[in-house]
Amino acid sequence: MQVKDLNPQAVWSIFDEITKVPRPSGNEEGKLDKIRAWLVEFAKKHNLEYKIDKTGNVAIFRPAAPGYENCKGIVLQGHMDMVAEKGPGSTHNFDTDPIETIIDGEWVRANNTTLGADDGMGLAIALAAMIEPTLQCGPLEALATVDEETGLTGASNIEADMLVGDYLLNLDEEEDGVITMGCAGGLVSIFKFNYKPEAAPKDRTYFEIKFEHFHGGHSGADIHMGFATTTKLSSRLLWNIGEEMDYVLAKIDAGNLHNAIAHAATLVIGIKPEDKEKLSVVLNTFIAEVKNEYKRTEPKMEITCKSVDAPETIIDTDTARRVVNAVYAAPHGIAAMSMEIPGLVETSTNLASVKMREGNQIVVEMFHRSSIESGKYDLTHKCETIFRMAGANEIISEGGYQGWEPIADSHLLTVAKDSWEKLFGVRPEVRAIHAGLECGLFLKARPDMEMISFGPTLRDVHSPAERCNIPAVDKAWKQIQSIVNIIAEESK
Ligand SMILES: [Zn+2]
């Protein structure tokens, strides 16, 4: 048995062709030219109209079946790029070599590389629908976006003329029996403080305090997990120290990426030699309290303190206090839970990093997320207000992308749920995620569009163990045809 002959052949034969076309993410560097050319060939071979936008996304159009010309249109969408990862020893060249596919029981995987079923399988299903002769349908579009995996650039730049239709089925879900109906938008805030470096006073004893071995995690998917963040903890410790004694701050360095929960921090402080005992009391109390608060989620955490040589300079005390107060006061974590989907984080923020930068600046970064646009901006403004009150010299909120607000009673979702139940005898699980998806970005161009996301089960995506479940592909294919038929019949 070959991959192209698996059931349903209509889908697997196209997937087999897609795996032969190199398509690692990197549209800007021309890495998607081959798959774009292949998509154009596909359209030409089947006499379908197509369009390429200036970003490089490709849309292929199937006219309505006779008698269904006035029906509602549906966009079937997947991304054309794939994550290029290979295991040790692999000599695979993602720019030139076809993916070597292997049938392994109920699964299809690759030979020690990513398979690219994320999202080659989504594309294969969309394209199969464009040529399936038995389908009763209104106008259909297959949309292939670029670089979903590296910044959602295809979806970010999409314009309304590439989204022709009333409904959109995103085929980039990785769990059979699950329908995704919402995601979070995001916005980064950057707060800059200018400080004056001052000669480090010689009459102080200096200590380096390190926060290490914290869990960290993804600032969206893990924000509800109760992990500590070392940006907040280090400023809390400094605040506590400041209540008990006079200290100077020579170094503050916490966190790193804006979309990661901070898992390490380093502070260097100077205190009067006579306060050494007091510092050790404050520190030990703090460590005991924090270890107790996070005993379930941070069993490996370590907070250590050792004496160090006097540094050359310190941060002027006024600026240091304002930074510490603002970071301590600013929120981190869940701000609101969804009332539409139980258990979904609706709005959150990640106090991602506090860093000393060139030009005598201390820069604080936060990343706010919400599935509701107004919720995202409300939280952003609250944080801006805190840092404005603390006298930040510059406040920038940028890189914003839109969320996809879950609507539990949307028509498309109702059709999809009923169809799944009729086909397979069970209600699908409906969920939303607290991270970004292409669907949120499509809403910017087409705020009126109803969307859902689903697809066959994939495991270990973005790794050489990536595999695609064969029976789940058949289910997704049946579901697509059923939804298309229902929408065509009801809007005829
Ligand atoms: Zn994907």
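Calculation criteria
- Residues numbered from 1 in each chain as written.
- Predicted model: local features only at pLDDT ≥ 70, side-chain atom pairs only at ≥ 80, totals over all residues.
- Helix = DSSP H or I, 4+ residues; strand = E, 2+ residues; numbered from the N terminus.
- Buried ≥ 20, exposed ≤ 12 C-beta atoms within 10 Å, placed from the backbone.
- Contact = placed C-beta atoms within 7 Å.
- Core = buried A, V, L, I, M, F, W, Y, C linked by C-beta atoms within 7 Å.
- Domains from an automatic or database assignment.
- Nonpolar A, V, L, I, M, F, W, Y, C, P; charged D, E, K, R; others polar.
- Axes fitted to C-alpha atoms, helices over the stretch in contact; angles between N-to-C directions.
- Parallel < 35°, antiparallel > 145°, perpendicular 65-115°, else oblique.
- Left-handed = near helix turned anticlockwise from the far one by under 90°.
- Pairing = 2+ DSSP bridges.
- Expected span 1.5 Å × (residues − 1).
- Arc of directions from axis to C-beta.

Chemist: In this structure, what is going on with the overall build of the protein? I would like to understand it.
Modeler: Scanning the protein from N- to C-terminus turns up eleven helices and 23 strands. Its C-alpha atoms give the protein principal-axis dimensions of roughly 90 × 50 × 45 Å. Every one of the 492 residues in the protein was classed for burial, and the buried ones make up 47%. Across the protein, the fraction of contacts at a sequence separation of at least 24, relative to all contacts at a separation of at least 6, is 78%.

Chemist: Would you mind going over the nonpolar core with me for this structure?
Modeler: Across soluble globular proteins, nonpolar side chains have a tendency to be buried as a group. Judged by nonpolar contacts, the single largest core of 79 residues is most densely connected at Ala124 and Ile125. Once you skip the residues sitting within four places of it in the chain, Ile125 turns out to touch Val11, Leu171, Ala476, Trp477 and Ile480. Formed by 50 residues, the second largest nonpolar core is a distinct cluster that contains Ile252, Val268, Ile269 and Leu379.

Chemist: Whenever I open this one, the environment of Lys232 confuses me. Can you help?
Modeler: Summarising the element assignment, Lys232 is placed in helix 5 (residues 230-244). C-alpha separation for the pair Lys232 and Tyr328, spaced 96 residues apart in sequence, amounts to 5.9 Å. Excluding residues that lie within four positions of it along the chain, Lys232 makes contacts with Val327, His332 and Leu351.

Chemist: Would you take a moment to explain the domain arrangement of the protein for this structure?
Modeler: The parts lose accessible area when they come together, and the size of an interface is often stated as this lost area. When cut into domains, the protein gives domain 1 (3-183 + 405-490) and domain 2 (185-401). Its C-alpha centre places domain 1 at a distance of 41 Å from the equivalent point of domain 2. Taken residue by residue, the interface counts 13 residues in domain 1 and 15 residues in domain 2. Split into classes, the residues belonging to the side of domain 1 that touches domain 2 amount to six nonpolar, five polar and two charged.

Chemist: Looking at this structure, I do not really get the packing of helix 9 (residues 411-424) against helix 11 (residues 470-490). What am I missing?
Modeler: How two helices sit against one another is set out by the angle between their axes and by the gap between those axes. Relative to each other, helix 9 and helix 11 sit at 125°, their axes nearing to 9 Å. Between helix 9 and helix 11, the angle is such that the two are oblique. Considering the relative orientation of helix 9 and helix 11, their crossing is right-handed. Every residue of helix 11 that contacts helix 9 at Val415, Ala416, Ser419, Trp420, Leu423 and Phe424 is listed here: Lys475, Lys478, Gln479, Ser482, Ile483, Ile486 and Ile487. By residue class, the composition of the contact of helix 9 with helix 11 is eight nonpolar, three polar and two charged.

Chemist: How do you make sense of the pairing of strand 2 (residues 58-62) when you look at a structure like this?
Modeler: Residues in a regular strand point their side chains to alternate faces of the sheet. Burial within strand 2 is extensive, with four of its five residues counted as buried. In the sheet, strand 1 (residues 49-52) pairs with strand 2 via four bridges, with the strands oriented antiparallel. Bridging from a neighbouring strand, Ile52 pairs with Val58 of strand 2. Hairpin geometry of strand 1 and strand 2 is characterised by an intervening segment of five residues between the two adjacent antiparallel strands and by a positive phi of about 110° at Gly56.

Chemist: Explain unusual backbone geometry to me, please; I cannot follow it from the model alone.
Modeler: As a rule of thumb, non-glycine residues mostly have phi less than zero, and peptide bonds are mostly trans rather than cis. Cis geometry marks the peptide bond from Asn7 to Pro8; its omega dihedral reads -5°. As for its position among the elements, Pro8 is in the segment before helix 1 (9-19). The linkage connecting Asp118 with the following residue, Asp119, adopts the cis geometry, with an omega of 5°. Within the secondary structure, Asp119 sits in helix 3 (residues 117-131). The backbone phi angle of His213 is positive, close to 60°, even though this residue is not glycine. In this structure His213 comes out as partly exposed when scored by C-beta crowding, with 14 C-beta atoms within 10 Å. With phi around 50°, Asp460 is a residue other than glycine that occupies positive phi space.

Chemist: Honestly, helix 2 (residues 33-45) in this entry has me stumped. Any pointers?
Modeler: Note that an α-helix has 3.6 residues per turn; residues three or four places apart therefore point the same way. In this model helix 2 runs 18 Å from its N-terminal to its C-terminal C-alpha over 13 residues, within 8% of the 18 Å that 1.5 Å per residue would give. All buried positions along helix 2 are accounted for by Ile35, Arg36, Leu39, Phe42 and Ala43. All buried residues of helix 2 project into a common sector of 115° when viewed along the axis, lining one side. Projecting away from the buried face of helix 2 at angles above 90 degrees are the exposed residues Ala37, Lys44 and Lys45. Tucked inside the fold, the buried residues of helix 2 contact strand 1, strand 2, helix 3 and strand 6 (140-145). Just past helix 2, the residue Asn47 takes up positive phi, approximately 55°.

Chemist: What should I look at first to understand the sheet that holds strand 4 (residues 101-104) in this one?
Modeler: The pairing of strands in a sheet happens through backbone hydrogen bonds and is either parallel or antiparallel. In space, the four strands of this open sheet follow the order 4-5-23-22, with antiparallel pairing throughout. Pairing within the sheet leaves two strands with one partner each, and these edge strands are strand 4 and strand 22 (458-459). Looking at chain direction, strand 22 and strand 23 (residues 467-469) are connected through two bridges and run antiparallel. Paired with Arg459 across the two strands is Arg467, which belongs to strand 23.

Chemist: Would you take a moment to explain the packing of helix 1 against helix 3 for this structure?
Modeler: Helix 3 packs onto helix 1 with a crossing angle of 130° between their chain directions and a minimal axis gap of 8 Å. When the axes of helix 1 and helix 3 are compared, the pair comes out oblique. As for how helix 1 packs across helix 3, the hand of that crossing is right-handed. Contacts between helix 1 and helix 3 involve Ala10, Val11, Ile14, Phe15, Ile18 and Thr19 from the first element and Gly120, Met121, Leu123, Ala124, Ile125, Leu127 and Ala128 from the second.

Chemist: Would you take a moment to explain the environment of Ala128 for this structure?
Modeler: Summarising the element assignment, Ala128 is placed in helix 3. Given 23 C-beta atoms within 10 Å, Ala128 falls into the buried group. The spatial distance from the C-alpha of Ala128 to the C-alpha of Glu208 is 61 Å, given a sequence separation of 80 residues.

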